Amino acid sequence: MIRISPSVLSADLSDLANEVDNIQKAGADMVHLDVMDGKFVPNITFGMPVIESLRKRSNMIFDVHLMIDEPEKYAMRFIEAGSDILTFHLEACREPITLLDDIRSEGVMAGISVKPMTPIEDVYQYLESCDMVLVMTVEPGYGGQKLIPETVEKVRKLKAEIQNRGLDTLIQVDGGVNSDTAPQLIDAGADILVAGSSVFGAQDRGAAINALRNAY
Ligand code: DX5
Ligand code: ZN
């Protein structure tokens, strides 16, 4: 079953709790929270105080995507704030195994992410230590971009590696996901589709979520 994680980057952030409630009722499986620091990526969004406040208003699965330098410095505070899945970037972290272990030891799902230009083989050594790999399908930083076609092959290769090793590591894709691009991503092996503009920008968000889930 394909799971859908709408990214609030395209939501009305002045009304965040209601926006999250709205996509939960529309059938989303979780909510994707993009944290940007203006260093790892050229944009700034929000941090743990926002997530902590939102936690009091929502029982949804919080799928937190850290696009920040030195994620090891802040990971525990994002966990305390209410993350259920915590993903950081391989490119931003010195000791990924230690951080993955630390996240898992708190009972939180640990994800590791790679930017479009990072070879997918670079994550293979962490597959046993993580619950999810987030394959970025656009350059991280902004919503509303077009999917980079070459990233689809990365998903396919990763899926084969996961299956060869007999693991159940989930594959998440993020960036430019809509009903046109979802079929190829699902075919390549994606388990969780992150979608910002194509869900929050839709007139009928329930229909948009269903269209993604049943795209293939
Ligand atoms: C981009 C973020 C994405 C973004 C996706 O850096 O990680 O989660 O919100 O937006 P869309 O779905 O509009 O490409
Ligand atoms: Zn994201």
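Refer to the preceding data block for the structure.
Residues numbered from 1 in each chain as written. Chains lettered and ligands numbered in written order. Predicted model: local features only at pLDDT ≥ 70, side-chain atom pairs only at ≥ 80, totals over all residues. Heavy atoms only, no water.

**A few points about the coordination of the zinc ion (ligand 2)**
Metal coordination angles have textbook ideals: 109.5 degrees for a tetrahedral set of four donors and 90 or 180 degrees for an octahedral set of six.
Now for step 1: The zinc ion (ligand 2) binds to the protein through H32 (NE2), D34 (OD), H65 (ND1) and D174 (OD); the donor distances cover 2.1 to 2.3 Å.
Now for step 2: If you look at the zinc ion (ligand 2), its six donor atoms make angles of 69 to 171° with each other, and the shape they trace is octahedral.
Now for step 3: The sequence pattern formed by the donor residues of the zinc ion (ligand 2) is H-x1-D-x30-H-x108-D. Pair noted here: D34 is in strand β2 (residues 31-36) and D174 is in strand β7 (residues 170-174), with a separation of 140 residues, a long-range link. In this pair, the class of D34 matches that of D174, namely buried. (Donors = N, O, S within 2.8 Å, 3.2 Å for Na, K, Ca; no water. Tetrahedral: all angles 85-135°; square planar, octahedral: opposite > 155°, others 65-115°. Helix = DSSP H or I, 4+ residues; strand = E, 2+ residues; numbered from the N terminus. Buried < 20%, exposed > 50% of the residue type's maximum accessible area, 1.4 Å probe, protein only.)

**Let's talk about the layout of surface pockets**
Now for step 1: Here the largest pocket defines a volume of roughly 350 Å³.
Now for step 2: Lining the largest pocket are 28 residues, with G143, G144, Q145, G175 and G176 sitting closest to its centre.
Now for step 3: Of all the elements in the fold, those that place two or more residues in the lining of the largest pocket are β2, β3 (62-67), β8 (192-195) and α7 (197-200).
Now for step 4: Residues of the lining of the largest pocket, tallied by class, amount to eleven nonpolar, 14 polar and three charged.
Now for step 5: One number sums up the size of the second largest pocket: a volume of about 190 Å³.
Now for step 6: Of all the elements in the fold, those that place two or more residues in the lining of the second largest pocket are β2 and α3 (71-81).
Now for step 7: Looking at the lining of the second largest pocket, the element that brings in the most residues is α3, giving three residues. (1 Å grid on protein atoms, 1.4 Å probe; cavity = no way out; pocket = protein on both sides within 12 Å on 5 of 7 lines; lining within 4 Å. Points joined across faces, edges and corners; volume = space filled by probe spheres on them. Nonpolar A, V, L, I, M, F, W, Y, C, P; charged D, E, K, R; others polar.)

**Digging into the packing of helix α2 (residues 48-55) against α3**
Now for step 1: Where α2 meets α3, the closest approach of the two axes is 8 Å, and the angle between their N-to-C directions is 20°. By the criterion of interaxial angle, the relationship of α2 to α3 is roughly parallel. Between α2 and α3 lies a crossing of right-handed hand. In contact with M48, I51, E52 and R55 of α2, α3 contributes Y74, R77, F78 and A81.
Now for step 2: Considering only residue class, the contact of α2 with α3 consists of five nonpolar, no polar and three charged. (Axes fitted to C-alpha atoms, helices over the stretch in contact; angles between N-to-C directions. Parallel < 35°, antiparallel > 145°, perpendicular 65-115°, else oblique. Left-handed = near helix turned anticlockwise from the far one by under 90°. Contact = heavy atoms within 4.5 Å.)

**Details of the site of ligand 1**
Now for step 1: Close to ligand 1 lie 20 residues, the nearest being D34, G141, D174, G196 and S197.
Now for step 2: Between an oxygen atom of ligand 1 and a side-chain N or O atom of S7, the distance comes to 2.8 Å.
Now for step 3: Here an oxygen atom of ligand 1 sits 2.7 Å away from a polar atom, N or O, in the side chain of D34.
Now for step 4: Contact with the protein chains removes 99% of the 380 Å² of surface that ligand 1 exposes when unbound.
Now for step 5: Assessed atom by atom at 2 Å from the grid points, ligand 1 resides in the largest pocket.
Now for step 6: Looking at the shell around ligand 1, the elements with two or more residues in it are β2, β3 and β8.
Now for step 7: Broken down by element, the residue count for the shell around ligand 1 peaks at three residues, all from β2.
Now for step 8: The residue inventory of the shell around ligand 1, partitioned by class, reads eight nonpolar, ten polar and two charged. (Near = heavy atom within 4 Å. Polar contact = N/O pair within 3.5 Å; in protein donor to acceptor, adjacent residues only side chain to side chain. Areas by Shrake-Rupley, 256 points an atom, 1.4 Å probe, with all protein chains shown as cover. Sits in = over half its atoms within 2 Å of the grid points.)

**Re a negative patch on the surface**
Now for step 1: Taken together, the side chains of E52, E80, D101, D102 and E106 define an acidic patch exposed on the protein surface.
Now for step 2: Position of E52 relative to the elements: it lies in helix α2. (Patch = residues over 30% accessible without salt bridge, like charges linked within 9 Å, V, L, I, M, F, W, Y side chains within 5 Å. Salt bridge = Lys/Arg side-chain N within 4 Å of Asp/Glu carboxyl O. Lys, Arg positive; Asp, Glu negative; His and termini not counted. Charge placed at Lys NZ, Arg CZ, Asp CG, Glu CD.)

**Observations concerning the nonpolar core**
Now for step 1: In terms of nonpolar packing, the biggest core is built from 64 residues, with L158 and L193 touching the most fellow members.
Now for step 2: Not counting residues within four places of it along the chain, the set of residues in contact with L158 comprises I120, V123, Y124, L127, V133, V135 and I171. (Core = buried A, V, L, I, M, F, W, Y, C linked by side-chain atoms within 4.5 Å.)

**Structural notes on the packing of aromatic side chains**
Now for step 1: For the structure shown, the criterion picks out zero aromatic pairs.
Now for step 2: When the ring centre of F62 is taken as origin, the NZ or CZ atom of R55, which lies over that ring, is 3.7 Å away.
Now for step 3: We note K115 situated over the ring of F40; from NZ or CZ to the ring centre the distance is 5.0 Å. (Phe/Tyr/Trp six-rings, centres within 6.5 Å; stacked < 30°, edge-to-face > 60°. Lys NZ or Arg CZ within 6 Å of the ring centre and 35° of its normal.)

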